[in-house]
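Here are the chains, one letter per residue:
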Amino acid sequence: MYDPRGGIAYRAGDWTLRAGGGVYSQGPWRVRYKVPDSGAPSGIPTQARHGGFGAQRDGALPARIGAYSKSYSDYVDEGAGPRIVNGRSRGVDALVRYTAFDRVAGWVSYSLLDARFELADGATVRGNNDVTHTLTGVARTSITDTWDLGTTVRYGTGRPQTPIVDATAVPDGRGFAPVYGPINGERLPDYFRIDGRLMHLRPVGSSLFVFYVEGLNLLDHANVLAYSYDRTYRQRRGVESFFSERTLVLGVEASFC
């Protein structure tokens, strides 16, 4: 049958199967600001072809899994890095929810991604967004009718980046220019974070107050999002995420009817 969300759908017991695809065009405009980076593959695709297949299960243990393939072409110049000629992304996304238990609920999601660029010089490199594995798990349990305990676990493979392996002095003596290694030839460290939250619900008349204490990055794992270099590009240091240090948050929320 036709799926109003696009593509076709077929129902088999508790499972619904869907498939779809499309060809898309866009202009070369990009409104978000981007910091120039001579080491990152650069360009904006104006043509894209997408195809995907998915399966969804309803019932006591809902689940969803999908696979997709996307190709990009007709790139226009943008940025200071090596020019992209073609790009493609392939991956699998899966999600399982557990809601059948009286006092425990949550979900687990997983994503597998393989993204690559073909450059103007004929080389094939990892895409800027090639985070191979992404895993998120959320669980919440009701200890009593007014006390809840929850936790979230996040993991992601480090994003590709181009290392700076050397530097040369600028002829006018006003600084140094970086010398890049293999394009997207290394990855940032893996991302890992565990958060926890204890909540107390307090009804007051027709209103509800929620008091909570939340621990962010409980294991104090240093999550590096980028690298910065000194003026000679000889030494680098990791730029950590905002909640890279263990953080404790106390708060209260109120809902008024």
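Below, the structure is looked at part by part. (Residues numbered from 1 in each chain as written. Predicted model: local features only at pLDDT ≥ 70, side-chain atom pairs only at ≥ 80, totals over all residues. Heavy atoms only, no water.)

Inspection of the secondary structure puts Thr136 in strand β8 (residues 133–142). Looking at Thr136, the relative accessible area reads 17%, which means it is buried. When near neighbours in sequence (up to four residues on either side) are disregarded, Thr136 contacts Trp107, Val108, Ser109, Thr152, Val153 and Arg154. (Helix = DSSP H or I, 4+ residues; strand = E, 2+ residues; numbered from the N terminus. Buried < 20%, exposed > 50% of the residue type's maximum accessible area, 1.4 Å probe, protein only. Contact = heavy atoms within 4.5 Å.)

This brings us to the pairing of β8. Summarising the sheet, strand β6 (residues 104–119) and β8 pair through nine bridges and their orientation is antiparallel. Bridge pairing links Gly106 to Ala139 in β8. Pairing of β8 with strand β9 (residues 147–156), which is carried by nine bridges, proceeds in the antiparallel orientation. Of the residues in β9, the one forming a bridge with Ala139 is Thr151. In this structure, the hairpin formed by β8 and β9 is closed by a connection of four residues. (Pairing = 2+ DSSP bridges.)

Here the focus is a nonpolar patch on the surface. A contiguous nonpolar surface patch, about 290 Å² in accessible area, is contributed by Val108, Tyr110, Leu112 and Leu135. When residues of the nonpolar patch are assigned to their parent elements, the largest contribution, three residues, is made by β6. (Patch = residues over 30% accessible without salt bridge, like charges linked within 9 Å, V, L, I, M, F, W, Y side chains within 5 Å. Areas by Shrake-Rupley, 256 points an atom, 1.4 Å probe, with all protein chains shown as cover. Salt bridge = Lys/Arg side-chain N within 4 Å of Asp/Glu carboxyl O.)

Attention now goes to the nonpolar core. A general feature of soluble globular proteins is that nonpolar side chains tend to end up buried together. With five residues, the main nonpolar core is built from Tyr75, Ile84, Phe117, Leu119 and Val125. Every residue in contact with Phe117, bar those within four places of it in the chain, is listed here: Pro41, Tyr75, Ile84, Asn86, Gly87, Ala123, Thr124, Val125, Arg126, Gly127 and Asn128. (Core = buried A, V, L, I, M, F, W, Y, C linked by side-chain atoms within 4.5 Å.)

What follows is about unusual backbone geometry. Phi is positive for Asp74, which is not a glycine, with a value near 55 degrees. On the secondary structure map, Asp74 appears in strand β4 (residues 63–76). Despite not being glycine, Asn184 has its phi angle at roughly 50 degrees, a positive value. When you line up the elements, Asn184 lands in the loop between β12 (176–180) and β13 (186–187). Under the relative-accessibility criterion, Asn184 is labelled buried at 7%.

With the rule as written, the count across this model stands at 15 salt bridges. Asp58 serves as the salt-bridge partner of Arg11, at 3.2 Å between the closest nitrogen and oxygen. Placement of Arg11 in strand β1 (residues 8–12) and of Asp58 in the loop between β3 (44–57) and β4 is noted, with a sequence separation of 47 residues between them. With a relative accessible area of 30%, Asp58 lands in the partly exposed category. Across the pair Arg187 and Asp130 runs a salt bridge whose closest N-O atoms are separated by 2.6 Å. Here Arg187, found in strand β13, pairs with Asp130, found in the loop between β7 (124–126) and β8; they are 57 residues apart in sequence, far enough to count as distant. By relative accessible area, which is 30% here, Arg187 ends up partly exposed. A relative accessible area of 0% means that Asp130 is categorised as buried.

This brings us to the environment of Gly158. With respect to the element layout, Gly158 can be found in the loop between β9 and β10 (160–161). Taking relative accessible area as the criterion, Gly158 reaches 3% and is therefore assigned buried. Between the C-alpha atoms of Gly158 and Arg88, which are 70 residues apart in sequence, the distance is 19 Å. Those residues in contact with Gly158 that sit more than four places away from it in its chain are Asp130, Arg187, Leu188, Pro189 and Asp190.

What follows covers the packing of aromatic side chains. Following the criterion strictly, the structure yields two aromatic pairs and no others. Between the aromatic rings of Phe209 and Phe256, the centroid separation amounts to 6.0 Å while the plane-to-plane angle is 90 degrees, which identifies the pairing as edge-to-face. In this pair, Phe209 is assigned in strand β15 (residues 207–216) and Phe256 in the segment after β18 (247–255), connecting sequence segments 47 residues apart. (Phe/Tyr/Trp six-rings, centres within 6.5 Å; stacked < 30°, edge-to-face > 60°.)

Shape is all these values report; function is a separate question.
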